[in-house]
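Okay, here's what each chain looks like letter by letter:
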Amino acid sequence: MAESYAPRVPKPVLVRQHVDTAPAGLLAEWLDARGLPYEVSRSWELAPLPDPADYGFVASLGHDRMAGDLHDPAVAAERELLTRAVGREVPVLGLCYGGQVLAALLGARVGPAPVAELGWRVIETDDPELVPAGPWLEWHFERFETPPGATELARTADAAQAFRLGPHLGVQFHPEATVEIVEGWARADAEQLAALGIPDGDALLAAPAEQLGAARDAAFRLFDGFLAVARQPRTAAA
């Protein structure tokens, strides 16, 4: 009698959302397009931490908190979750705040940025196949430094923009964000923008349709490249 085998079901992706106004956006669109199952875990609900070993990779999204705000139980929990993921060699994709938490737990300094990077920015990239030059949407008042032992992949004159360490990738920009998402952040940060002499945050986000389409394509390329490395045997992904 022929032996039957159950089809291998891939582990789902764990998406860590930290605030209502920072959803998965284009990342969710890419996961759906690639047929990848995923679960959205809302860090502010302070449920028991998921076991990262149950997931194919962990994606940590943006936040209005900072990576060093460890007095906030949700921030401390995210640090613990990503630390566990790294310790168990579960790939981590850190996006802006998520990248800052990843950088911090890997030993990098994270702190106030000398220049807030807001709106569309072109980056200098050493690996345009994995991290295209953009322009990317940015919205952050802090920055990470490249962790010890990691490879810096991209930067602007004001901050490191991407690093890789083994299967883990941290970026300072927002490949997952759409203009509509960032418009909400601009409204929420109106006082900070006014203090910087920026009267209209929406003006920072204006872009023609061609640029919006190119940004979506670049985000999909970045996510595809991260996934390709994440799926390699760990000895080959270093």
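You'll find the structure just up there.
The structure reproduced in this document is the subject of the present report. What you see is a predicted model, and the numbers here were worked out from it, not measured in a lab. (Residues numbered from 1 in each chain as written. Predicted model: local features only at pLDDT ≥ 70, side-chain atom pairs only at ≥ 80, totals over all residues. Heavy atoms only, no water.)

**Description of empty space enclosed by the protein**
We count it as follows: Here a cavity denotes grid points, spaced 1 Å and computed from the protein atoms alone, that fit a 1.4 Å probe unable to get out, and a pocket denotes an open set having protein on both sides within 12 Å along at least 5 of 7 lines; residues with an atom within 4 Å of a point are the lining. Grid points are joined across faces, edges and corners, and a volume is the space filled by probe spheres set on the points. Put simply, DSSP H or I for four residues or longer makes a helix, DSSP E for two residues or longer makes a strand, and each gets a number counted from the N terminus. Charged residues are taken to be Asp, Glu, Lys and Arg, nonpolar residues to be Ala, Val, Leu, Ile, Met, Phe, Trp, Tyr, Cys and Pro, and polar residues to be all remaining types, Gly included.
One pass over the structure, following the stated rule, counts one cavity of 30 Å³ or more. Put simply, the largest cavity is a space of about 30 Å³. For the lining of the largest cavity, the elements supplying multiple residues, two or more each, are β10 (168-171) and α6 (209-230). Residue classes in the lining of the largest cavity are distributed as five nonpolar, two polar and one charged.

**Observations concerning unusual backbone geometry**
Each neighbour pair has its own omega, and for G134 with P135 the value is 15 degrees, a cis peptide bond. For P135, the location among the structural elements is in the loop between β6 (124-125) and β7 (136-144). With phi around 55 degrees, L46 is a residue other than glycine that occupies positive phi space. In this structure, L46 sits in the loop between β2 (38-42) and β3 (58-60). Even without glycine at this site, C96 takes up a positive phi of about 60 degrees. Secondary-structure assignment places C96 in the loop between β4 (92-95) and α3 (97-105).

**Here we look at the packing of aromatic side chains**
Applied cut-off: Aromatic pairs are defined between Phe, Tyr and Trp rings, using the six-membered ring for Trp, whenever the two ring centres lie within 6.5 Å; interplanar angles under 30 degrees are classed as stacked, those over 60 as edge-to-face, and all others as tilted. For every residue, the accessible area obtained with a 1.4 Å probe (protein chains only) is divided by the maximum for its type, and the residue is called buried under 20%, exposed over 50%, and partly exposed between those limits.
Taken as a whole and judged by the stated rule, the model has four aromatic pairs. On the basis of an interplanar angle of 50 degrees and a centroid distance of 5.4 Å, the ring pair of W30 and F223 is categorised as tilted. Of the two residues, W30 sits in helix α1 (residues 26-33) while F223 sits in helix α6, which places them 193 residues apart along the sequence. Exposure remark for W30: the relative accessible area of 1% places this residue in the buried category. When the ring of F57 is compared with that of F226, the centres are 5.0 Å apart and the planes differ by 80 degrees; the resulting orientation is edge-to-face. Taken together, the residues F57 in the loop between β2 and β3 and F226 in helix α6 connect sequence positions 169 residues apart. Accessibility classification places F57 together with F226 in one group, the buried group.

**Things to note about the pairing of strand β1 (residues 13-17)**
Within a regular strand, the side chains alternate between the two sheet faces. Defined as follows: Two strands form a pair only when DSSP identifies at least two bridges running between them. For a crossover, the right-handed case is the one in which the path from the first strand over the helix to the second runs clockwise, viewed with the strands pointing away from the viewer.
Among the five residues of β1, five are classified as buried, and the element is accordingly described as predominantly covered. Of the two faces of β1, the one holding V13, V15 and Q17 and the one holding L14 and R16 are both buried throughout. Summarising the sheet, β1 and β2 pair through five bridges and their orientation is parallel. Bridge pairing in β2 places V13 opposite Y38. Assessed by its sense of winding, the connection that carries the chain from β1 through α1 to β2 is right-handed.

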